[in-house]
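Here are the chains, one letter per residue:
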Amino acid sequence: MIEVKNLWKSFRIFHEREPSTLFHGLKGVFNPRRYEEFWALQDINFHVSEGEFFGVIGENGSGKTTLLKLIAKVLNPTKGSIVARGRVVPFLELGLGFHDESSGRENAMLYGQLLGISKSEMKKNMDELIEFSGLEQFIDAKLNTYSSGMRVRLAFSTAIQTNPDILLVDEVLAVGDLKFQRKCFDVFREFKDNKRTILFVSHDLNAVKKFCDRAMLLQQGKQVALDEPGYIIDKYFYSTFQEPSFSEGREALKGKSVDFRKKNNMPDFERIEDLKKIVGVRWGTREIEITQVDLFDKFGKKTSVFATGDSLKIRIHYKKHKDVKNPVFGIGVFYKDGGHCFGTNTEVENYSMPGLRERGFIECVIPRLSMWGGDFYLNVMVHDAHHYHYDWHNKMYMFKVIKANNHEQGLYNLECKWKLSK
Amino acid sequence: MFTRQELSLLKELTLREFKLRYQNSVLGFFWSLLKPFALFLTFYVVLQYFLKINVPDYAFFLLIGILLWNFFSESTTAGLHGLVSKGSIIKKTYFKYELCIISACLTAFISFLLNFFVFLVLLVILKGVPGLSLFYLPLPFLEIFFISLGLSFFLAPLFTQYRDISHVWEILLQIGFWVTPIAYPLDFVPKQYLSYYLLNPLANIVVHVRESILQAQIPSFFSGFASFILAIAISLLGYLFYNIKKKSIAERL
């Protein structure tokens, strides 16, 4: 059980970059150095009960590791309280930096004892530990011959052999190979069954989603949300990624002799094919003008960042300058690094267009973005049935799709179902 | 003060440290002997033959002093680095960090005892079996150990805060060598300064050790008791200081 109440932690950031020497320390007595209080954690409150698997996610520097260190008692809180019932075993930052000159076995022995396990018990568990780490061949070699992945495997194997009530895990999975990761997950499952508590910090959101009962999102030291992991991960996605920038499009247009965005003319056919390659151009005769294009995510929020599998709604605002027959609205999606991804229009989809009002908007909903991540350009256009362009916004909009899964292969997440014949 | 588990951890830390010091070369132990003995030879030649110092049994007299001083300087230096050198584990796990300091001093102490044993063998061969007063030695040995430990408790947390403490301590050790009766007897100190000189807690300890080995004498109750109290006081004060500082140690590393 872990109970964290009104937890605050500050570090001092000194303005003058003075070295930490005795001289400056003495000088500081008479002339105190100015410093800024940096609040690494602000008012954190949560409770983790026995057998719960609790995830902590957030960007680098959001205070995750500080939180773990506080629970592990390596750091002391500035304000507030932490109660952790049971034996806490921290697994902080990659591996153990230990005696490079000693063998892996000796290091594991010492590390186990540091974590509070008696020597005899360590000896008893040694074989199991070595087997788990998969380092049988190297266990008697000096630690300085180990790769960083091997070090982490050894340290983590030791940490879990100590049979903790509460395990604090900070990014172990990042370094282990696939086989080891799988082993770790088996252990996590076993821990969960045995009513042990795990606090899990990871950037592997898939793992967080899969294992954690609840998760917390930290942002700049503040507890932004605490809920079931799926929701938290969504929140993390949408809060983290910056809207894609358009600067390249503007760059591409520089030096072109005619800026077709200003003129209402209709370029000739060959010219159009050339223009379509350019990012951020617009042309057309403007009988109908597209005045604004907005993208909405599944929460109905205006954004340009989406997660794989989420819905995307494109709202096209128009203004009618002249009555036209059977206008066709269309969209086109392109990979930023080239490649036509998808395109459709109201004619292809057999949408019978009622008469347009003076002003209004038309919406196109893609219920499931099935691409695995990437940056995309969006074309939005309105033309007549014979491809006479009223208003063509070529690659004038961008959106980003974030992968929610690490196991992707290829470009798309096509829906499929498996069935075994009887 | 410590649980059984912690004591076993201390043992493990100390043995590991000790093993590491010697496993890298077959001559490991020889090297640890060589340092004080080389120092001894140099001083012996210079002081005995060049400066013609007149002290009975000067070779053994000097060797005892140098062994004690060598222990003191090695243990406090190791103790000073005790926390910083273990920074990588202190930042990652919580345990009683003072074990790092204690184990650093203990490692030096074991080396010292081994060196002292070699010294005793030499003494028996060259000079004959010393008297029963030898059994008094554990007390001054413990005293010098606790003084080193107490000072290390001051130095180690300070070193996490001020990284130039190591230089300061090196200088102090250099001065300390000459304001402790290592190379010369206590009578060489001008009478008017003697009472100040004896404020150095090591001075009495060195004298006590020499007396019990070379003169088969144990110190007077008052002198023995005074240095005992002083050693306890230094180690307690050091531990107190450490306890005030310990909260911020992991943050400073």
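Residues numbered from 1 in each chain as written. Chains lettered and ligands numbered in written order. Predicted model: local features only at pLDDT ≥ 70, side-chain atom pairs only at ≥ 80, totals over all residues. Heavy atoms only, no water.

1. Quick look at the overall build of chain B
Stage number 1. A count of helical and extended segments in chain B gives 11 helices and zero strands.
Stage number 2. Counting helices and strands in the order they occur from the N terminus, chain B gives α-α-α-α-α-α-α-α-α-α-α.
Stage number 3. Taking 2.2 N^0.38 as the reference for a compact globule, 253 residues should give roughly 18 Å; the C-alpha atoms of chain B span a radius of gyration of 19 Å, in line with that estimate.
Stage number 4. For chain B, the spread of C-alpha atoms along the three principal axes comes to 55 × 45 × 35 Å.
Stage number 5. Across the 253 residues that make up chain B, the buried fraction comes to 54%.
Stage number 6. The contacts in chain B between residues at least 6 apart in sequence include a share of 80% that link residues at least 24 apart.
Stage number 7. Accessible area of chain B: about 12200 Å², with a carbon and sulfur share of 72%. (Helix = DSSP H or I, 4+ residues; strand = E, 2+ residues; numbered from the N terminus. Rg over C-alpha atoms; globule rule 2.2 N^0.38 Å. Buried < 20%, exposed > 50% of the residue type's maximum accessible area, 1.4 Å probe, protein only. Contact = heavy atoms within 4.5 Å. Areas by Shrake-Rupley, 256 points an atom, 1.4 Å probe, with all protein chains shown as cover.)

2. So, the nonpolar core
Stage number 1. Judged by nonpolar contacts, the single largest core of 102 residues is most densely connected at Phe46(A), Leu67(A) and Leu199(A).
Stage number 2. When residues of this core are assigned to their parent elements, the largest contribution, 13 residues, is made by helix α3 (residues 58-81) of chain B.
Stage number 3. Core analysis: the second largest hydrophobic core is formed by 37 residues, Phe156(A), Leu205(A), Phe211(A) and Val305(A) among them. (Core = buried A, V, L, I, M, F, W, Y, C linked by side-chain atoms within 4.5 Å.)

3. Things to note about the layout of surface pockets
Stage number 1. Space inside the second largest pocket adds up to approximately 550 Å³.
Stage number 2. Together, 24 residues line the second largest pocket, and Lys73(A), Arg87(A), Val88(A), Tyr94(B) and Phe95(B) are the ones closest to its centre.
Stage number 3. Within the residue set of the lining of the second largest pocket, elements represented by two or more residues are α2 (64-71), β4 (79-84), β5 (88-91) and α3 (104-114) of chain A together with α1 (4-23) of chain B.
Stage number 4. Among the elements that line the lining of the second largest pocket, the one with the most residues is α1(B), at three residues.
Stage number 5. The residue inventory of the lining of the second largest pocket, partitioned by class, reads 15 nonpolar, five polar and four charged. (1 Å grid on protein atoms, 1.4 Å probe; cavity = no way out; pocket = protein on both sides within 12 Å on 5 of 7 lines; lining within 4 Å. Points joined across faces, edges and corners; volume = space filled by probe spheres on them. Nonpolar A, V, L, I, M, F, W, Y, C, P; charged D, E, K, R; others polar.)

4. Some remarks on the sheet that holds strand β16 (residues 359-366) of chain A
Across a sheet, paired strands are connected by hydrogen bonds in the backbone, their directions being either parallel or antiparallel.
All names here are of chain A.
Stage number 1. With antiparallel pairing, the three strands of this open sheet are ordered in space as β11-β13-β16. Strands at the two margins of the open sheet, each flanked by one partner only, are β11 (288-296) and β16. When the angles between neighbouring strand axes are averaged without regard to direction, this sheet yields 20 degrees.
Stage number 2. Examined bridge by bridge, β11 and strand β13 (residues 312-320) share eight bridges and lie antiparallel to one another. Among the inter-strand pairings, Glu289 is bridged to a residue of β13, identified as Lys319. (Pairing = 2+ DSSP bridges. Axes fitted to C-alpha atoms, helices over the stretch in contact; angles between N-to-C directions.)

5. Details of the packing of aromatic side chains
Stage number 1. Here the structure, examined in full by the defined rule, presents 47 aromatic pairs over all chains.
Stage number 2. Taking the centre distance of 6.0 Å and the plane angle of 75 degrees together, the rings of Tyr94(B) and Tyr97(B) count as edge-to-face.
Stage number 3. You can call Tyr97(B) buried: its relative accessible area is 5%.
Stage number 4. Three or more aromatic residues joined by ring pairs form one cluster here, namely Phe53(A), Phe91(A), Phe132(A), Phe156(A), Phe180(A), Phe185(A), Phe188(A), Phe200(A) and Phe211(A).
Stage number 5. The ring of Phe132(A) carries Lys183(A) above its face, with NZ or CZ at 5.5 Å from the centroid.
Stage number 6. If you follow Arg315(A) out to its NZ or CZ, it ends over the ring of Phe361(A), 4.4 Å from the centre. (Phe/Tyr/Trp six-rings, centres within 6.5 Å; stacked < 30°, edge-to-face > 60°. Lys NZ or Arg CZ within 6 Å of the ring centre and 35° of its normal.)

6. Notes on the pairing of strand β3 (residues 53-58) of chain A
All names here are of chain A.
Stage number 1. Most of β3 sits out of view: six of its six residues are buried.
Stage number 2. Neither face of β3 is left uncovered, since the one carrying Phe53, Gly55 and Ile57 and the one carrying Phe54, Val56 and Gly58 both have all their residues buried.
Stage number 3. Both β3 and strand β7 (residues 197-201) contribute to a ladder of four bridges, which runs parallel. The partner of Gly55 across the bridge, within β7, is Phe200.
Stage number 4. With five bridges joining them, β3 and strand β8 (residues 214-219) adopt parallel strand pairing. Looking at the pairing, Gly58 lines up with Leu218 of β8.

7. Considering the interface of chain A and chain B
A common way to report how large an interface is uses the accessible area buried once the components associate.
Stage number 1. Chain A puts 37 residues into the contact, and the matching count from chain B is 30 residues.
Stage number 2. The three residues of chain A that bury the most area against chain B are Leu22(A), Val74(A) and Leu114(A), which together make up 22% of that side's buried surface.
Stage number 3. Between Glu106(A) and Lys19(B) there is a salt bridge whose closest N-O contact spans 2.6 Å.
Stage number 4. Where chain A touches chain B, the interface holds nine residue pairs in polar contact (both at pLDDT 80 or more).
Stage number 5. Listing elements by their share of the side of chain A that touches chain B, those giving two or more residues are β1 (2-14), α1 (22-30) and α3 of chain A.
Stage number 6. Broken down by element, the residue count for the side of chain A that touches chain B peaks at seven residues, all from α3(A).
Stage number 7. Looking at the side of chain A that touches chain B residue by residue, the classes come out as 17 nonpolar, 12 polar and eight charged. (Buried area = accessible area lost by both parts, 1.4 Å probe. Salt bridge = Lys/Arg side-chain N within 4 Å of Asp/Glu carboxyl O. Polar contact = N/O pair within 3.5 Å; in protein donor to acceptor, adjacent residues only side chain to side chain.)

8. Points about a nonpolar patch on the surface
All names here are of chain B.
Stage number 1. Together, Leu139, Phe221, Phe225, Phe228, Ile229, Ile232 and Leu236 give the surface a local cluster of nonpolar side chains, amounting to about 660 Å² of exposed area.
Stage number 2. With six residues, the single largest contributor to the nonpolar patch is helix α10 (residues 221-245).
Stage number 3. Within the element layout of this structure, Leu139 appears in helix α6 (residues 138-161). (Patch = residues over 30% accessible without salt bridge, like charges linked within 9 Å, V, L, I, M, F, W, Y side chains within 5 Å.)

9. Here's the deal with the pairing of strand β17 (residues 374-383) of chain A
Residue and element names in this part refer to chain A.
Stage number 1. Across the 10 residues of β17, eight count as buried, placing the element largely inside the fold.
Stage number 2. Taken together, the eight bridges between strand β14 (residues 328-335) and β17 define a ladder with antiparallel strand orientation. Within the sheet, the bridge partner assigned to Phe334 lies in β17 and is Tyr377.
Stage number 3. In terms of strand pairing, β17 meets strand β18 (residues 389-402) through nine bridges, oriented antiparallel. Following the sheet pairing, Asp375 is matched in β18 by Lys400.
Stage number 4. Taking the residues between adjacent antiparallel strands as the criterion, β17 and β18 are bridged by five residues, where His387 takes a positive phi near 60 degrees.

10. A closer look at the environment of Gly343(A)
Residue and element names in this part refer to chain A.
Stage number 1. Along the polypeptide, Gly343 turns up in strand β15 (residues 340-345).
Stage number 2. Residue classification places Gly343 among the partly exposed positions, given a relative accessible area of 44%.
Stage number 3. Measuring from C-alpha to C-alpha, the distance between Gly343 and Val333 comes to 6.0 Å, with 10 residues separating the pair along the chain.
Stage number 4. With near-sequence residues (within four places) excluded, Gly343 lies in contact with Ile331 and Gly332.

11. Thoughts on empty space enclosed by the protein
Residues and elements named next belong to chain B.
Stage number 1. Evaluated as defined, the whole model comprises one cavity of 30 Å³ or more.
Stage number 2. Approximately 40 Å³ is the volume found for the largest cavity.
Stage number 3. Along the walls of the largest cavity sit Pro36, Leu67, Asn70, Phe71, Glu74, Ala108, Ser111, Phe112 and Asn115, which together make up its complete lining.
Stage number 4. Going through the elements one at a time, α3 and α5 (98-127) are the ones with two or more residues in the lining of the largest cavity.
Stage number 5. Looking at the lining of the largest cavity residue by residue, the classes come out as five nonpolar, three polar and one charged.

12. Description of the confidence of the model for chain A
All names here are of chain A.
Stage number 1. Averaged over chain A, the pLDDT score is 82; the fraction of residues at 70 or greater is 86%.
Stage number 2. Averaged over each element, pLDDT in chain A is lowest for helix α9 (residues 247-253) (43) and highest for β4 (93).
Stage number 3. Counting contacts from residues 245-263, a segment whose pLDDT is below 50, to residues more than four positions away or on other chains yields 31 contacts. (pLDDT = per-residue confidence, 0-100.)

13. What about a negative patch on the surface?
Residues and elements named next belong to chain A.
Stage number 1. A cluster of acidic side chains, namely Asp127, Glu128, Glu131, Glu136, Glu190 and Asp193, defines a negative patch on the protein surface.
Stage number 2. Sorting the residues of the negative patch by element identifies α4 (119-133) and α6 (178-193) as the ones contributing at least two each.
Stage number 3. It is α4 that contributes the most residues to the negative patch, three residues altogether.
Stage number 4. Counting through the fold element by element, Glu128 comes out in helix α4. (Lys, Arg positive; Asp, Glu negative; His and termini not counted. Charge placed at Lys NZ, Arg CZ, Asp CG, Glu CD.)

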